[in-house]
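Here's the letter readout for the chains.
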Amino acid sequence: MAGLLCAVLTTRAAPGADTAGFANGAVVSVDPIASNVGMEILKKGGNAVDAAVATGFALAVTHPTAGNLGGGGFMLIYMADKGGQVAGIDFREKAPGKSTPTMFLTNGEVDQKKADVGYLVIGVPGSVRGFYEASKRYGKLDWKAVVEPAVKLARDGFVVDEVLSRSLKGQERVMETFAEFGRVYRKAGGKFYEPGETIKLPELAWTLQQIYANGADGFYKGEVAKKLVAGVQAGGGIITMNDLADYQARVRTPVRGAYRGYEVIGMPPSSSGGTTVIQALNILEGYDIGEMKRRDTKAIHLLTESMRIAFYNRAKYLGDTDFVQVDLPKLTSKNFVKPFRDKIDMNHAMKSSALGADIVTRGEGSETTHFSVVDSHGNAVANTYTLEQGYGSRVIAPGTGFLLNNEMHDFNMNPGVTDTKGLIGTRPNLIEPGKRMLSAMSPTIVLKDGKPFLVTGSPGGRTIINTVLQIIVNVVDFKMDVQSAVDEPRSHHQWMPDTLTIERGMADSQASLEALGHTVRVGGTQGDAQSILIKDGKKYPGVDHRTRGGAAGY
Ligand code: DON
């Protein structure tokens, strides 16, 4: 795929098919249509940020399980054009003004009827404001140029593939409760779209048109906002016009770590991602893991212990830094991990309860999406955004055509109450009006000699952090090419529950890991890490085929 020819690789391309890399720019996302939108923006003279924003809007149309207007996330930016400046746009959702720390409780217990899907669990959306800030501050092209492809996709339609068709069919039952969701994403008469059929989304096209014409205010003020608030409040939700008008994205200083001569740039809170990845790498740096084989029991064990420790500290310390104090320099320092490293025994699994009996974390949903972009100037973007679970709250406010998130999930919903099943009640991440819920999203850029070398990130709730950790270790320590690094089976440990989950490809190690004292579960697939590696100026896509995956470049 070298040279001037542009190319779109889809899930049908053999992994590693494009070993030659792209000479100019590349976009890797879960969806070939959206990657192609980004590439076209690059070819029109847009930079990586323009392409990222256009890809993000396109995914809001073509990948509705996680691509979104009604959710939030993080965009990590490296600007070669600005002397290597880095910035993290935090467009995480916020708790509505009327929220309270105990709003999801009934008789002292988290009430799943309120806390799962539906109207109350919707956070104030951040994606549109985040993309707008990114475009205004770092983009080159006009706003309209980057929104337009998504308007067209929604208005004129796009071809549903097998992945989307199957995914929507999986929502059949919940569509009985959330009728607008069922109406928008099915044909007149209620039949599902089959692969090969074209879906058009006229209300979504209308909303995008407001954003196209009026910028972010087209979403947060005016007709879209009115419809959003009317629809949410009619269902018992608490988002107001003021919540929307007041929503701001924050430009944050990324966290930085050093790992074996590379520099790792990640998102600070309200994401826990960068801090936790860097802390796990700091632990690992005390060992020569590259000397081991990737799937050796010892290597998986060492990774597991690093994950366990980093996740314990995540639960203990991290929350939205606009509300709680977090000593990020300390948590990402080499010194901080030393006493923890002393606790690692290469022959026995640590007990999470011994590490910290007080706090326990809960499991997470499984849909978010990450994409990576690099342009011909060497600017790079890692963007992860989400509705929280697949299709979020399942709420579409009538007339708007877009799904709203259920991100309030990510707060600690029961203050002070923790249990062994995974409920967590620590203070830093309790609900407060205007606060952002703690995220695990970890868009990451690894620098070599001060320039982008690896751009990565993933969906997968808390597994995100460990997926990103392993992509970095696979490339840096195990010297894998980026496609192999992405393909390699993954594991996950999040301190509590005290269980090591491995992908099937690692199952051969189950017995030997259990012999070390780990509780091991062979799980489904972990993450979807759409990545790019840059070497000698060429952009090599690491397309994750666990969901679908598509690279576009030229
Ligand atoms: O921000 C977070 O950490 C979660 N809301 C992400 C959810 C997620 O990744 C589900 N995905 N696969």
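The residue count restarts for each chain, going from 1 along the sequence in the order it is written. Whole-chain, interface and lining totals are the exception, using all residues; otherwise, since this is a predicted model, local features are given only for residues with pLDDT of at least 70 and side-chain atom pairs are given and counted only at 80 or more. Only heavy atoms go into the side-chain values, all of them from the structure, while hydrogens and water stay out.

1. A look at helix H2 (residues 48-62)
Filter applied, for reference: Runs of E in the DSSP output that reach at least two residues are strands. Runs of H or I that reach at least four are helices, and both are numbered from the N terminus. Given the number of residues in a helix, its expected span is that number minus one, multiplied by 1.5 Å. Relative accessibility under 20% of the residue-type maximum defines a buried residue, over 50% an exposed one, and the middle range a partly exposed one, all with a 1.4 Å probe and only protein chains included. N or O atoms closer than or at 3.5 Å make up a polar contact, with two conditions inside protein: a donor-capable atom paired with an acceptor-capable one, and, for residues adjacent in sequence, both atoms drawn from side chains.
In this model H2 runs 20 Å from its N-terminal to its C-terminal C-alpha over 15 residues, within 8% of the 21 Å that 1.5 Å per residue would give. Counted residue by residue, H2 has 15 buried out of 15 residues, so it is predominantly covered. Capping the start of H2 is the job of one residue whose side-chain oxygen sits 3.0 Å from the backbone nitrogen of valine 49: asparagine 47.

2. What about the sheet that holds strand S17 (residues 500-502)?
For clarity, the threshold we go by: For two strands to be treated as a pair, DSSP must find at least two bridges joining them.
Read across the sheet, three strands follow the order S16-S17-S18 without closing on themselves; strand pairing throughout is mixed. Only two strands of the sheet have a single partner each, and these edge strands are strand S16 (491-492) and strand S18 (520-522). For S16 and S17, the ladder comprises two bridges, and the chain directions are antiparallel. For serine 491, the partnering residue across the bridge sits in S17 and is isoleucine 502.

3. What to know about helix H5 (residues 143-156)
Look at H5: 20 Å from first C-alpha to last across 14 residues, which is about the 20 Å you get at 1.5 Å a residue. Of all the residues in H5, the buried ones are Trp143, Val146, Val147, Pro149, Ala150, Val151, Leu153 and Ala154. Looking one or two residues past H5, glycine 157 carries a phi angle of roughly 95 degrees, positive in sign.

4. Re the domain arrangement of the protein
Put simply, the test is: A domain assignment, automatic or from a database, supplies the domain bounds used here. Contact between two residues is taken to exist if any of their heavy atoms lie within 4.5 Å; hydrogens are not considered. A simple way to read buried area is as the amount of 1.4 Å-probe accessible surface that goes missing from two parts once joined, with both sides added. Each reported salt bridge corresponds to a side-chain nitrogen of Lys or Arg within 4 Å of a carboxyl oxygen of Asp or Glu.
If you check the domain split of the protein, you get domain 1 (32-251 + 375-395 + 402-413) and domain 2 (259-367 + 439-544). Taking only C-alpha atoms, the centre of domain 1 and the centre of domain 2 are 27 Å apart. Each partner contributes residues to the interface: domain 1 has 31 residues there, and domain 2 has 25 residues. Both faces combined, the contact of domain 1 with domain 2 buries some 2000 Å², and carbon together with sulfur accounts for 63% of it. Along the contact surface separating domain 1 from domain 2 lie one salt bridge. Among the salt bridges present, the one from arginine 250 reaches aspartate 322, with a minimum N-O distance of 2.8 Å. Our count for the domain 1 to domain 2 interface comes out at four residue pairs in polar contact (both at pLDDT 80 or more).

5. Regarding the packing of aromatic side chains
To keep things clear, this is the line we draw: Centres within 6.5 Å are what make two rings of Phe, Tyr or Trp a pair, Trp counting through its six-membered ring; a difference in plane orientation under 30 degrees is then read as stacked, over 60 as edge-to-face, and the rest as tilted. We call a charge positioned over a ring when the NZ of a Lys or the CZ of an Arg lies within 6 Å of the ring centre and within 35 degrees of the ring normal.
Overall, the coordinates contain 17 aromatic pairs when judged by the stated rule. Here the aromatic rings of tyrosine 312 and phenylalanine 340 are separated by 6.5 Å at their centres, their planes lie at 65 degrees, and the arrangement is edge-to-face. Placement of the pair is tyrosine 312 in helix H14 (residues 297-317) and phenylalanine 340 in helix H16 (residues 334-341), with a sequence separation of 28 residues. By relative accessible area, phenylalanine 340 is classed as buried at 13%. Grouping aromatic residues by their ring pairs yields a cluster made of Phe57, Phe91, Phe131, Tyr132, Trp143, Phe371 and Tyr385. Directly above the aromatic system of phenylalanine 192 lies the positively charged group of arginine 186, at a separation of 5.3 Å from the ring centroid. The residue whose ring lies beneath lysine 187 is tyrosine 193, and the NZ or CZ to ring-centre distance is 5.9 Å.

6. Looking at the environment of valine 446
Topologically, valine 446 is positioned in strand S14 (residues 444-448). Taking C-alpha positions, valine 446 is 8.1 Å from isoleucine 472, a pair spaced 26 residues apart along the chain.

7. Brief notes about the pairing of strand S4 (residues 85-91)
The element S4 is largely enclosed, with a buried count of six among its seven residues. One ladder, built from seven bridges, connects strand S3 (residues 72-79) with S4; its direction is antiparallel. Each residue of the ladder has a partner; that of isoleucine 77, found in S4, is alanine 87. The hairpin formed by S3 and S4 contains five residues between the paired strands, and glycine 83 there has a positive phi angle of roughly 65 degrees.

8. Here we look at the nonpolar core
This is how the line gets drawn: Throughout this description, the term nonpolar core refers to a set of buried Ala, Val, Leu, Ile, Met, Phe, Trp, Tyr and Cys residues connected via side-chain atoms within 4.5 Å.
Judged by nonpolar contacts, the single largest core of 82 residues is most densely connected at Phe57, Leu69, Met75, Tyr185 and Leu208. Considering every element that reaches this core, the biggest residue donor is H2, with eleven residues. If we ignore the near neighbours within four places in the chain, the residues touching tyrosine 185 are Pro64, Leu168, Met175, Tyr193, Ile199, Leu201, Ile396, Gly401 and Leu403. Of all hydrophobic cores here, the second largest spans 76 residues; its members include Leu355, Trp495, Ile532 and Val543.

9. Looking at the pairing of strand S19 (residues 531-535)
Among the five residues that make up S19, four are buried, leaving the element largely enclosed by the rest of the structure. Bridge analysis of strand S15 (residues 451-456) against S19 gives two bridges, and the strand direction is antiparallel. Counterpart to leucine 454 in the pairing with S19 is leucine 533. Counting the residues in the hairpin turn of S19 and strand S20 (residues 538-542) gives two residues, including aspartate 536, whose phi is positive at 50 degrees.

10. Brief notes about the packing of H2 against helix H4 (residues 127-138)
Each pair of packed helices can be described by the angle between their axes along with the distance between the axes. Under the convention used in this document: Every axis in this analysis is a line fitted to C-alpha atoms, fitted for helices over the stretch in contact. Angles between the N-to-C directions lie between 0 and 180 degrees. For classification, angles of less than 35 degrees are called roughly parallel, those exceeding 145 degrees roughly antiparallel, those between 65 and 115 degrees roughly perpendicular, and all remaining angles oblique. In a left-handed crossing the near helix is turned counterclockwise from the far helix by less than a right angle, and in a right-handed crossing that turn is clockwise. Gly counts as polar in this scheme, as do all residues outside two lists: the nonpolar Ala, Val, Leu, Ile, Met, Phe, Trp, Tyr, Cys and Pro, and the charged Asp, Glu, Lys and Arg.
As a packed pair, H2 and H4 sit with axes 9 Å apart at the nearest point and diverge in direction by 160 degrees. The angle between H2 and H4 places the two elements in the roughly antiparallel class. Read as a crossing pair, H2 and H4 show a hand that is left-handed. Residue-level contacts link Val49, Val53, Gly56 and Phe57 of H2 to Val128, Phe131, Ala134, Ser135 and Tyr138 of H4. Grouping the amino acids of the contact of H2 with H4 by side-chain chemistry returns seven nonpolar, two polar and no charged.

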